[in-house]
Amino acid sequence: MGPHSWVALVTIAAILVYVWMGVRVGGARRKSGIDAPAMTGDPILERHIRVQANTLEWLPIFLPALWLFALYWNDLVAAGLGVIWIIGRILYALGYVADPGKRELGFMIQALAAAVLLFGAAGRIIWTLVVIGA
């Protein structure tokens, strides 16, 4: 077992993308003049908030799946799928803020990457338990 440096870098990149989304919420707040804790009143602010919240909802699915896939399959493949997930989240963010109807491509990319990581890890773990044992 190696140190999983590629997956570690992808993990940091995913967190930095989430931070970027938070900074964009702050910028939308300044631009709209709507101070916290208010979360409504400007459609662009609401879209930025929703993008950040949706990403937060996906992180507990993505991060454990990323690491379990790396541990049970392959570090580089996991990192590659993680980069695809990040690209999907960025496309989702940019599309959603521009027009909520343009969020689907990014959402589908990240959801597919997360599904491969999650079900790939689960399948390999089950296979390992059945064939090799604990």
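Up top is the structure these notes are about.
Being a predicted model, the structure only gives us computed values, none of them experimental.

Caption draft 1: Examining the overall build of the protein chain more closely. The secondary structure content of the protein chain amounts to four helices and zero strands. Along its sequence from the N terminus, the protein chain presents helices and strands in the succession α-α-α-α. In the protein chain, which comprises 134 residues, the proportion classed as buried is 37%. Accessible surface, the protein chain as shown: approximately 7500 Å² in total, 73% of it carbon and sulfur.

Caption draft 2: Local environment of the side chain of Arg-29. Summarising the element assignment, Arg-29 is placed in helix H1 (residues 5–32). Comment: no salt bridge for buried Arg-29; closest opposite-charge side chain is Asp-35, at 6.6 Å. Among residues more than four places away in sequence, those in contact with Arg-29 are Ile-34, Asp-35, Ala-36, Ala-38, Met-39, Leu-45 and Ile-49.

Caption draft 3: Just the packing of helix H2 (residues 43–72) against helix H3 (residues 75–98), in detail. At their nearest, the axes of H2 and H3 sit 10 Å apart, and the two run at 170 degrees to each other. The angle between H2 and H3 falls in the class roughly antiparallel. By residue class, the composition of the contact of H2 with H3 is 18 nonpolar, four polar and four charged.

Caption draft 4: Fine view of the nonpolar core. In this structure, Val-51, Phe-62, Leu-66, Ala-78, Trp-85 and Leu-117 are the most contacted members of the largest nonpolar core, which totals 28 residues. Of all elements in the fold, only H1, H2, H3 and helix H4 (104–131) reach the threshold of two or more residues within this core.

Caption draft 5: View of the packing of aromatic side chains. Under the definition given, this model contains five aromatic pairs. Taking 3.9 Å as the distance between ring centres and 5 degrees as the angle between the ring planes, the aromatic pair formed by Phe-62 and Trp-85 counts as stacked. Here Phe-62, found in helix H2, pairs with Trp-85, found in helix H3; they are 23 residues apart in sequence, far enough to count as distant. Through a chain of ring-to-ring contacts, the aromatic side chains of Trp-58, Tyr-92, Tyr-96 and Phe-107 assemble into a single cluster. For the cation-ring pair, Arg-124 lies above Trp-73, with the distance from its terminal atom to the ring centre recorded as 4.3 Å.

Caption draft 6: Geometry of the pattern of salt bridges. Going through the model one piece at a time under the given rule, you end up with one salt bridge. Across the salt bridge formed by Arg-50 and Glu-57, the nearest N and O atoms sit 3.1 Å from each other. A residue is classified by how much of its surface remains accessible, and Glu-57, at 42% relative accessible area, is partly exposed.

Caption draft 7: How the structure looks around a nonpolar patch on the surface. On the surface, a cluster of nonpolar side chains totalling about 820 Å² of accessible area is made up of Trp-6, Leu-9, Ile-12, Ile-15, Leu-16, Val-19, Val-23 and Leu-76. Of note, Leu-16 is situated in helix H1. By relative accessible area, Leu-16 is classed as exposed at 53%.

Caption draft 8: Examining the environment of Val-7 more closely. By secondary structure assignment, the location of Val-7 is in helix H1. A relative accessible area of 0% means that Val-7 is categorised as buried. In the structure, Val-7 is positioned 71 residues away from Ala-78 in sequence and 6.7 Å away in space, judged by C-alpha atoms. Those residues in contact with Val-7 that lie beyond four places of it in its chain are Leu-66, Trp-67, Ala-70, Asp-75, Ala-78 and Ala-79.

The rules behind the values
Throughout this description, residue numbers start from 1 for each chain and increase along the sequence as written. Note on the predicted model: pLDDT of at least 70 is required for a residue's local features to be given, and 80 or more for side-chain atom pairs to be given and counted; whole-chain, interface and lining totals, by contrast, use all residues. Values shown for side chains rest on all heavy atoms present in the structure; no hydrogens or waters enter the calculation. Helix and strand assignments follow DSSP, with helices taken as H or I runs no shorter than four residues and strands as E runs no shorter than two, numbered in order from the N terminus. The classification of residues rests on relative accessible area computed with a 1.4 Å probe and restricted to protein chains. Under 20% of the type maximum is buried, over 50% is exposed, and intermediate values are partly exposed. For accessible areas, the Shrake-Rupley method is used with a probe of radius 1.4 Å. Any residue's cover is judged against the shown protein chains and nothing else. Think of it this way: Lys and Arg go in the positive column, Asp and Glu in the negative one, and His and the chain ends go nowhere. Whenever a carboxyl oxygen of Asp or Glu lies within 4 Å of a side-chain nitrogen of Lys or Arg, that contact is scored as a salt bridge. In this description, contact between two residues means that some pair of their heavy atoms is separated by no more than 4.5 Å. Axes here mean lines fitted to C-alpha atoms, for a helix over just the part in contact, with angles spanning 0 to 180 degrees between N-to-C directions. Angular relationships are summarised with four words: roughly parallel below 35 degrees, roughly antiparallel beyond 145, roughly perpendicular across 65 to 115, and oblique for the angles in between. As a working rule, the residues Ala, Val, Leu, Ile, Met, Phe, Trp, Tyr, Cys and Pro are called nonpolar, Asp, Glu, Lys and Arg charged, and the rest polar, with Gly in that last group. We call a set of buried residues a nonpolar core when its members are Ala, Val, Leu, Ile, Met, Phe, Trp, Tyr or Cys and they connect through side-chain atoms within 4.5 Å of each other. The pairing test for Phe, Tyr and Trp rings, Trp by its six-membered ring, is centres within 6.5 Å, and the orientation test on the planes gives stacked under 30 degrees, edge-to-face over 60, and tilted for anything in between. Put simply, a charge is over a ring when the Lys NZ or the Arg CZ is close to the ring centre, within 6 Å, and near the line of the ring normal, within 35 degrees. Residues enter patches when they are more than 30% accessible in relative terms and free of salt bridges; like-charged ones are connected within 9 Å and nonpolar ones (Val, Leu, Ile, Met, Phe, Trp, Tyr) within 5 Å.

So far we have only geometry, and geometry alone does not tell us how the molecule works.
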